[in-house]
Amino acid sequence: MPNATTRPKRSRRSRRTSREDSARNELVSRSLESAQQCLYNQDYGTAFVHYLLVLNVEPLLKDFVKESFRFTLFKWTEELDSLGRIQDLFDCYEQALELFPVDEVILNSMGEHLFRMGFRDEAAGHFHKALKLRPDFPEAKENFYRVANWLVERWHFLMLNDRGRNHKYQLAIQKAVRGGCSTVLDIGTGTGILGMCAKKAGAAEVYACELSKTMYELACEVVTASKMEGSIKLLHMKSLEMEIPKDIPKRVSLVVTETVDAGLFGEGIIETLIHAWNHLLLPPQNSQDSPVNPSETGRVIPAGATVFGMAVECQEIRRHHRLCVSTVGGLALDAVGEIHSPVSCSADADDSTEPYTTERLSRLPGGYMPLTSPFRALDIDFNDPQELEGLCSREVSRLSLMVTQEGILDALAVWFQLHLDEENSLSTAPHEKTCWEQAIYPVQGPQDCAVKPGDRLLVEVSCKDAYLRLCCVAVVKDGCVLRLDSWEGGDIWGPEVELCSALAGLQTDREGPTEAFILECPELALLNNTHYHQNFQAAMGKLLTRLQEARSGPQVIEQGSEPLYVLDVSEGFSLISLMAAQLGLSLAAGSESASALVRAYSSVEKEQHQTILRLLAQGNRVPVEALEFWLNHVEDDSAVFQRPATEKLWSAIVLDCVETCGLIRQKLMEKATLARCLLEDGGRIFPERIVIYGMLVESDMLLQESAVQGREPTLGFNIAPFINQFTVPIHVFLDLSTLECTRLSEPAELFNLDLMNTHNNYPSRDLMMQVTSSGRLTAIPFWYQIHLDDKWSVSTFSQDSHWKQAAVVLQDPLCVTVGDWVRLTVQLHKSSLSITATREEDRPVAMDASRSEDIVAMDTAKEEGAVMDAVEVDSSSVTESP
Ligand code: 44T
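Residues numbered from 1 in each chain as written. Predicted model: local features only at pLDDT ≥ 70, side-chain atom pairs only at ≥ 80, totals over all residues. Heavy atoms only, no water.

Examining the overall build of the protein chain
Rules: Helical segments are the DSSP runs of H or I of at least four residues, strand segments are the runs of E of at least two, and each set is numbered from the N terminus. We call two residues in contact when some of their heavy atoms are within 4.5 Å. Per-residue and other accessible areas follow the Shrake-Rupley method at a 1.4 Å probe size, with only the shown protein chains counted as cover for residues.
A tally of helices and strands in the protein chain yields 22 helices and 41 strands. By sequence separation, contacts in the protein chain at least 24 residues apart represent 76% of the contacts at least 6 residues apart. If you sum the accessible surface of the protein chain, you get close to 39,800 Å²; carbon and sulfur atoms cover 49% of it.

Structure representation (structure tokens):
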């Protein structure tokens, strides 16, 4: 019992406080009530303001109102988002985070908004924080995996795992520093590795700049962990913005950089070095002068480069860059004229095009065939500022190349040798055992360009906008010049081709370039896929025939003119709607309502895509009213499945279920559920079912591309633990047919997704895979069989597919021996799949020993087991083939 005398006397002040208290309580309870009322009335903005007031006045209520506050915040910011009030939206999040600074749900959700607005670094920061607060938070995990690829590109892992490259850079830097280059600037430092190398070699001052915020922060962590934070000055900036003495005190004697891409100049090395020579480096050593002290002159590692090229035949490149078919899915394509990919360096190429794409030639499915010997396209000296400045104004150089092999001219492939110094060089050649890709300059043109030994190729090499451009402008064959671009001819060729250019004048006049349509590479590959369209045509035809027959029954005679509605909600360009309209036409042939059997709706959005479809409709005699563009009718995305008119239901809805990268599309199952509700009796969703297949493999390559491997520090620096935080367990855009790997099992069915009957779906499946070859299980590549109906299906793992494959990569490989059993647990959460692999010590009890050899995979009841690796598999967890 407290002693009454020790109790503080109630002063006038405390009486006032208690009056204030009750007023405050009153305010809090009224505001809380108002907040709840507004919430009930769906007036989220006002509810949000009331909640803010409540929580600012009475923070003790935080736990109590947290759920409703979050709900209000999400609803209100959704509204602000749709109104385009972005600043208000972020203000709300900031206010919310002031109240709940460690709320992982709010952090994750703010990250999602930031990501949508294009603030990837900031978004990543939020996902990372959310994940640190709750490592098993699935949404934050998914989101983090999605941004990890953007933030830390996968080639960082490859480069750090490339010991040859690391060693050569180290040797070159050591030699330069020991030779007297004592002040060093590392441009584009990434993880800080080259800068640290210079410091370790004894450089007095080392500066390093990096424009990516994430990489800069990573470099700070790595440098600090190596106890070099005092001796390397890291700058978060583009070298072009650096000034003396603001950022570095004085000019340096050595610049080290690896800001080169597969096309050598794509990362801006020319501009970077011109700027560095003008502003950041000591003057170059002039070869005529007597040698000066290296600490008084400037130099660059790499010292220069030699670029090589070669013409190739490659079907994989062809089908991704040019239209290779004249009819597809029953439609003649000639009405559209030329269609090509956005990769073009012809004279009339505009801003929407890139001069080259990149591929690892040795990994292209179907391989490639050299048509010429490799040729030297360009030499560049990075230590000669005049040469760098003059590069873009240099005359276009023209080469005449002898064809050595008969084939179809599909592309010029380009690689280079990077001369770090006189002794050390790196090569990115296709036959080299490196992680480098080659630059690909596809040859465009309406027809295949066949060449044979003795023909000559006329190639132009130029450097426009600081990009290296190679263009095969003409082929000289049988004394004729066949022009491949819009070059106007004349006497611009050197003596050895004068004859050809003269002959060119005798050629029938080439018409000026007609307007060409551009489709993305996967869209072109899809258009070229006759098998896919044939199967779609068959399945769609079957359904439409059945529905038409049902309609011509006696009871629906009066509705005879009612069309069948088909909706195609594929992402990107798709012909399916037009194919359906045309099928409707042929099915109705002979009947009075010939044009009206099918009303097809396409959701293609791009103006160009709609134009292509319209032209094709015209060219294939499909009446205009049979094809409509659905997004012209609906205002917001969620309404995409609305009915064409009230009371009408869809006869067929085409869903796009697998992304080109090899993952199931996000929200696929939700879309299927919605679509099912909008089908008429007997209507179908295409596809009706997807079966996921996979197998066990050992692939070092996949490990190399997903994390820095091995326990040894990289060049003595502890980089792996930092960069490996950005490891993503799913590798996408995989070419499984050319993946260097050992198969450890037969392929097996992993999971079944029924889009027509959801009750057939199971949330989780355990299956046992038997090991057919001993090794280290490092990855589980997977792909899909897409069943349009019970008869027609397409595979995402076939030669002519526009899809790539994906793989789950296990960072802790499982050692397995022939005959072992591996348990895979495959789970579906929303549209995202997760796979867990564990080795079963014992043969599964449910096995019948006599039949064990026949069984590749078998279902088992789910048991508890040591989880080795669990990962999410949908379009948000992604590692790209760099
Ligand atoms: N690709 C390699 C690119 N940077 C190599 O932010 C090889 C691709 C590759 N920082 C497959 C295989 C491979 N000032 O972090 C980047 C970049 C930064 C700059 C400051 C500047 N002026 C720049 C310019 C770039 O430098 C880092 C490296 S750039 C490219 C490296 C394994 N696919």
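Let's talk about the packing of aromatic side chains
Operational definition: Put simply, two rings from Phe, Tyr or Trp (the six-membered ring, in Trp's case) pair if the centres are within 6.5 Å, and we call them stacked under 30 degrees between planes, edge-to-face over 60, tilted for the rest. Only protein chains enter the accessibility calculation, which uses a 1.4 Å probe; a residue is then buried when its area is under 20% of its type maximum, exposed when over 50%, and partly exposed in between. For a Lys NZ or an Arg CZ to count as sitting over a ring, it must be within 6 Å of the ring centre and within 35 degrees of the ring normal.
Counted by the stated rule, this structure contains 19 aromatic pairs. With centroids separated by 5.4 Å and ring planes inclined at 35 degrees, the aromatic side chains of Phe-69 and Phe-100 adopt a geometry described as tilted. With Phe-69 in helix H3 (residues 62-82) and Phe-100 in the loop between helix H4 (86-99) and helix H5 (104-116), this pair connects stretches of sequence that are 31 residues apart. This pair shows no difference in class: Phe-69 is buried, exactly as Phe-100 is. Judged by centre distance (6.2 Å) and plane angle (40 degrees), the ring pair of Tyr-565 and Tyr-601 falls under tilted. Within this pair, whereas Tyr-565 is found in strand E23 (residues 564-568), its partner Tyr-601 is found in strand E24 (residues 598-602), the two being separated by 36 residues in sequence. Accessibility classification places Tyr-565 together with Tyr-601 in one group, the buried group. Taken together through their ring pairs, the aromatic side chains of Phe-48, Tyr-51, Phe-69 and Phe-100 make up a single cluster. The positively charged end of Arg-134 is found above the aromatic ring belonging to Phe-137, 4.3 Å away from the centroid.

A look at the pattern of salt bridges
In plain terms, the rule: One speaks of a salt bridge when a side-chain nitrogen belonging to Lys or Arg is within 4 Å of a carboxyl oxygen belonging to Asp or Glu.
Applying the stated criterion across every chain yields a total of 38 salt bridges. Of the charged contacts in the structure, one is a salt bridge between Lys-175 and Asp-421, with a shortest N-O distance of 3.7 Å. Placement of the pair is Lys-175 in helix H9 (residues 163-178) and Asp-421 in the loop between strand E15 (411-419) and strand E16 (425-427), with a sequence separation of 246 residues. When its relative accessible area of 36% is taken as the criterion, Lys-175 is described as partly exposed. A residue is classified by how much of its surface remains accessible, and Asp-421, at 6% relative accessible area, is buried. A salt bridge links Glu-628 to Arg-599; the nearest nitrogen and oxygen atoms lie 2.9 Å apart. Of this pair, Glu-628 sits in strand E25 (residues 627-629) while Arg-599 is found in strand E24, placing the two residues 29 residues apart along the sequence. Taken together, the shared-partner salt bridges in this structure form one network comprising Lys-175, Asp-421, Glu-422 and Glu-423.

Here we look at the site of the ligand
Selection criterion: We call a residue near a molecule or strand whenever a single non-hydrogen atom of that residue lies within 4 Å of it. Here a polar contact is recorded for every N or O atom pair within 3.5 Å, except that within protein the pair must consist of a potential hydrogen donor and a potential acceptor, and residues adjacent in sequence are included only if both atoms are side-chain atoms.
In the region of the ligand, 21 residues are neighbours, and Met-159, Gly-188, Glu-210, Ser-239 and Val-260 sit closest. With respect to the ligand, the side chain of Glu-210 contributes an N or O atom lying 2.6 Å from an oxygen atom. Between the ligand and Ser-239 there is a distance of 2.9 Å, counted from a nitrogen atom to a backbone nitrogen or oxygen. If the ligand stood free it would expose 720 Å²; the protein chains cover 93% of that surface. Among the elements that line the shell around the ligand, the one with the most residues is helix H8 (residues 155-161), at three residues.

A few points about the sheet that holds strand E3 (residues 232-235)
What links the strands of a sheet is backbone hydrogen bonding, and the strands pair in either a parallel or an antiparallel sense. Heads up, the condition is: Pairing between two strands requires that DSSP report at least two bridges joining them. Only the contacting stretch of a helix is used when fitting its axis, a line to C-alpha atoms as for every element, and angles between N-to-C directions run 0 to 180 degrees.
Across the sheet, which stays open at both edges, the five strands sit in the order E3-E2-E1-E4-E5 with parallel pairing between neighbours. Looking at which strands have only one partner, the edges of the open sheet turn out to be E3 and strand E5 (299-301). Put simply, the sheet's adjacent strands are angled 20 degrees from each other on average, direction ignored. One ladder, built from four bridges, connects strand E2 (residues 205-209) with E3; its direction is parallel. Residue pairing for E3: Val-206 is matched across the bridge by Ile-232. Lying over the sheet, H9 contacts strand E1 (183-187), strand E4 (254-257) and E5, oriented at roughly 160 degrees with respect to E5.

A closer look at the UniProt feature "repeat: TPR" (unreviewed entry) in the protein chain
Counted only if it meets this: UniProt positions are given in the numbering used here, feature names are shortened, and annotations may be inferred rather than shown by experiment.
Residues annotated in UniProt with the feature "repeat: TPR" (unreviewed entry) correspond here to residues 104-137. Along residues 104-137 one finds 79% helix and 0% strand; the C-alpha atoms at either end are 8 Å apart.

Observations regarding the sheet that holds strand E13 (residues 397-402)
With antiparallel pairing, four strands are arranged side by side in an open sheet as E13-E19-E20-E21. Since the sheet does not close on itself, it has two edges, and those belong to E13 and strand E21 (480-483), each with one partner. Adjacent strand axes in the sheet meet at a mean angle of 30 degrees, parallel and antiparallel pairs treated alike. Across nine bridges, the pairing between strand E19 (residues 456-464) and strand E20 (residues 467-477) is antiparallel. Residue pairing across strands places Ser-462 opposite Arg-469, the latter belonging to E20.

Points about helix H20 (residues 668-677)
Formally: Working note: the arc is built from the helix axis to C-beta atom directions.
Here H20 has its buried residues at Leu-668, Met-669, Ala-672, Ala-675 and Arg-676. In a view along the axis of H20, the buried residues occupy a sector of 120 degrees, so they form one face of it.

Some details on helix H7 (residues 138-151)
For clarity, the threshold we go by: Every helix has an expected span of 1.5 Å times one less than the residues it contains.
For H7, built from 14 residues, the straight-helix expectation of 20 Å at 1.5 Å per residue is met to within 8% by its first-to-last C-alpha distance of 20 Å. When H7 is considered as a whole, its buried residues turn out to be Ala-140, Glu-142, Asn-143, Phe-144, Tyr-145, Val-147, Ala-148, Asn-149 and Leu-151.

Focus on the pairing of strand E17 (residues 438-442)
Burial analysis of E17 places five of its five residues in the buried class, the great majority of the element. Residues Gln-438, Ile-440 and Pro-442 of E17 are buried on one face, and the alternating residues Ala-439 and Tyr-441, pointing to the opposite face, are buried as well. Taken together, the three bridges between strand E10 (residues 357-359) and E17 define a ladder with antiparallel strand orientation. Of the residues in E17, the one forming a bridge with Thr-358 is Ala-439. Where E15 meets E17, four bridges bridge the pair, whose relative direction is antiparallel. Each bridged residue has a counterpart across the sheet, and for Leu-412 the counterpart in E17 is Tyr-441.

Quick look at unusual backbone geometry
Here the amide bond leading from Ile-301 into Pro-302 is cis, since omega sits at 10 degrees, within 30 degrees of zero. Cis geometry is found at the peptide bond from Phe-686 to Pro-687, where omega equals -5 degrees. Backbone geometry places Lys-667, a non-glycine residue, at a positive phi of 65 degrees. For Lys-667, a relative accessible area of 53% translates into the label exposed.

Here we look at the nonpolar core
Filter applied, for reference: Residue types Ala, Val, Leu, Ile, Met, Phe, Trp, Tyr and Cys, when buried and joined through side-chain atoms within 4.5 Å, form a set referred to as a nonpolar core.
Of all hydrophobic cores here, the largest spans 150 residues; its most connected members are Phe-69, Phe-265, Phe-382, Leu-409, Leu-418, Leu-457 and Leu-470. Among the elements that line this core, the one with the most residues is E20, at eight residues. If sequence neighbours within four positions are ignored, Leu-457 has contacts with Ala-311, Thr-372, Leu-399, Ser-400, Leu-401, Val-403, Leu-409, Val-451, Cys-472, Ala-474 and Val-475. Ranked by size, the runner-up nonpolar core spans 100 residues in total, among them Ala-600, Leu-613, Val-622 and Leu-788.

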